[in-house]
Amino acid sequence: MGAFTVMTSKGQITIPSEVREALKLEPGTRFYVSARNGQVVAIPKNRKLSEFAGILGNPPVGISLTVGEMDEAIAQHVFEDDQRIRREWSEAER
């Protein structure tokens, strides 16, 4: 699924309605945006981490993190994974 859109002079794009509906995107949805192999990749963050709180029970070692600390850890790992993927693509292009 895809559709054409145009970027404004401010760098903004509109996500076409059929894409918004298919992904259940709502106004205010946050995105993680990166450049990957010449493409813009936008991953919606349409679920709050707090919605998953408690699904695994208590941590086995008794350590408890705040939602903010978990968000930071996840963001760091996403960044590191993106960097790893970029390195692998770069090495594969050589």
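Each remark here, short or long, concerns the structure printed above.
Keep in mind that this is a model prediction, so the values were computed, not measured. (Residues numbered from 1 in each chain as written. Predicted model: local features only at pLDDT ≥ 70, side-chain atom pairs only at ≥ 80, totals over all residues. Heavy atoms only, no water.)

**Remarks on the overall build of the protein chain**
A count of helical and extended segments in the protein chain gives 2 helices and 2 strands. Listing each helix as α and each strand as β along the protein chain from the N terminus yields α-β-β-α. In the protein chain, the share of contacts with a sequence separation of at least 24, taken over all contacts with a separation of at least 6, comes to 23%. In the form shown here, the protein chain has an accessible surface area of approximately 8300 Å², with 56% of it arising from carbon and sulfur atoms. (Helix = DSSP H or I, 4+ residues; strand = E, 2+ residues; numbered from the N terminus. Contact = heavy atoms within 4.5 Å. Areas by Shrake-Rupley, 256 points an atom, 1.4 Å probe, with all protein chains shown as cover.)

**Concerning a nonpolar patch on the surface**
A cluster of nonpolar residues, Phe31, Val33 and Val40, forms a patch on the protein surface that exposes about 290 Å² of accessible area. Looking at the element boundaries, Val40 is found in strand 2 (residues 39–45). Of the residues examined, Val40 reaches a relative accessible area of 71% and is grouped as exposed. (Patch = residues over 30% accessible without salt bridge, like charges linked within 9 Å, V, L, I, M, F, W, Y side chains within 5 Å. Salt bridge = Lys/Arg side-chain N within 4 Å of Asp/Glu carboxyl O. Buried < 20%, exposed > 50% of the residue type's maximum accessible area, 1.4 Å probe, protein only.)

**Details of the pairing of strand 1 (residues 30–36)**
Relative to strand 2, strand 1 runs antiparallel, the two sharing 7 bridges. Each bridged residue has a counterpart across the sheet, and for Ala35 the counterpart in strand 2 is Val40. Joining the antiparallel neighbours strand 1 and strand 2 is a turn of 2 residues, in which Asn37 adopts a positive phi near 55°. (Pairing = 2+ DSSP bridges.)

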